[in-house]
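# Secondary and tertiary structure notes
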Amino acid sequence: MELAEQEMMELVQSRFVIRFLRMVAGLFLFAVGIVMTINANIGLAPWDVFHQGLSNAFGITMGQASILVGIVVVAVDYFAGERIGIGTLGNMILIGLFIDLLMLNHLIPEMQSFLAGVAQMLVGLFIVGIASMLYIGAGMGCGPRDGLMVALLKRTGRSVSLVRGVLEGGALVLGWFLGGTVGIGTVITAFFTGPIIQLAFRMTRFDVKAVKHTYVDQDLKNLGKLLKSN
């Protein structure tokens, strides 16, 4: 009986490691996609307009701005009663760190022509779709901004499109007032992000509705069992 329990704990541990590595890989790829859209130089996605505005206003990097916004949003999610996962915390911190790693070391080229910028932005959005499949599929909790959307949906009873539109519209306007870059790329992300991510999901046969997430409290409980068994 003890042997069977030990084997079960080892299986849980190995699965946790695989899921964690999948999450990290997904978040890194997510940052790659975001930086590609930024370096397309044709305008930013609404949240990135806000991040750039904060970067300009406070003299911080885009990655630091993303982390700062993530911390605030996660706090709101928590007090709104949404469950926080390791993936939520990883999204909050790691994407910002990876963005700075890529941007400060100039690892992704900046486009100088409009057509090249459009091409890079579309490829970047597709990479974001693949990245979303990886990190969401790890089942470690959704991103902070998605959690905020869910919290508002529960409290207002409004449609997903309205709540998401208000959130992204608010981020866009605030970012624009702070000096963030708005352009044709902003329009492209507004209309094409959803369909391109859906295309990536279909190509990888990923069913987002089938994912069962675990949260920090559950993961800590499992970790405690693993430590006791060792």
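What counts as what
For every chain, the first residue of the written sequence is number 1, and numbering continues from 1 along that sequence. The model is predicted, so local features are restricted to residues of pLDDT at least 70 and side-chain atom pairs to those at 80 or more, both for listing and for counting; the totals for chains, interfaces and linings are taken over all residues. Where side-chain values are given, they derive from all heavy atoms of the structure, hydrogens and water being excluded. Among buried residues, the Ala, Val, Leu, Ile, Met, Phe, Trp, Tyr and Cys ones that are joined through side-chain atoms within 4.5 Å form a nonpolar core. Residue exposure (1.4 Å probe, protein chains only): buried if accessible area is under 20% of the type maximum, exposed if over 50%, otherwise partly exposed. Numbering of helices and strands runs from the N terminus; a helix is a DSSP stretch of H or I covering at least four residues, while a strand is a stretch of E covering at least two. In what follows, a contact means two residues having at least one pair of non-hydrogen atoms within 4.5 Å. To estimate the expected span of a helix, subtract one from its residue number and multiply by 1.5 Å. Bend, at a single residue, is the angle you get between axes fitted to the 7 residues ending at that residue and the 7 residues starting at it. Site definitions follow a grid-based scheme: protein atoms alone, a 1 Å grid, a 1.4 Å probe that fits but cannot get out for cavities, and for pockets an open set with protein on both sides within 12 Å along at least five of seven lines, plus lining residues having an atom within 4 Å of a point. Grid points are joined across faces, edges and corners, and a volume is the space filled by probe spheres set on the points. Confidence scores per residue from the predictor, reported as pLDDT, run from 0 to 100.

A few words now on the nonpolar core. Membership of the largest hydrophobic core comes to 31 residues, with the highest contact counts inside it found for F30 and I99. Contributing elements (two or more residues each) for this core: helix 1 (2-38), helix 4 (86-104), helix 5 (114-137) and helix 8 (184-203). Top element by residues in this core is helix 1. It accounts for nine residues. Here F30 is in contact with I95, V128, A131, S132 and Y135, once residues within four sequence places are set aside. Residues F50, A65, M149 and L167 belong to the second largest nonpolar core, which totals 12 residues.

Here helix 8 contains 20 residues, and its C-alpha end-to-end distance of 27 Å stays within 8% of the 28 Å for a straight helix at 1.5 Å per residue. A bend of about 50° at F192 is the largest found in helix 8, and the proline P195 appears one to four places after it. For helix 8, the complete set of buried residues consists of G185, T186, I188, T189, T193, I196, I197, A200 and F201. Count one or two residues on from helix 8 and you reach R205, which has phi positive near 55°.

All right, on to the layout of surface pockets then. Each pocket or cavity is described by its volume, and for the largest pocket that value is around 1,600 Å³. Along the walls of the largest pocket sit 50 residues, with F30, Y135, D146, R164 and I197 positioned nearest its centre. Contributing elements (two or more residues each) for the lining of the largest pocket: helix 1, helix 2 (46-58), helix 3 (62-79), helix 4, helix 5, helix 6 (144-156), helix 7 (160-177) and helix 8. When residues of the lining of the largest pocket are assigned to their parent elements, the largest contribution, nine residues, is made by helix 8.

Glancing now at unusual backbone geometry. One non-glycine residue, H106, lies in positive phi territory at about 50°. Its place among the elements puts H106 in the loop between helix 4 and helix 5. Its identity as a non-glycine residue notwithstanding, R205 has a phi of 55°, on the positive side. You can see R205 is positioned in the loop between helix 8 and helix 9 (216-229).

This brings us to the confidence of the model for the chain. Looking at the chain, the pLDDT average stands at 87 and 89% of residues meet or exceed 70. When mean pLDDT is compared element by element in the chain, helix 2 scores highest at 95, while helix 9 scores lowest at 66.

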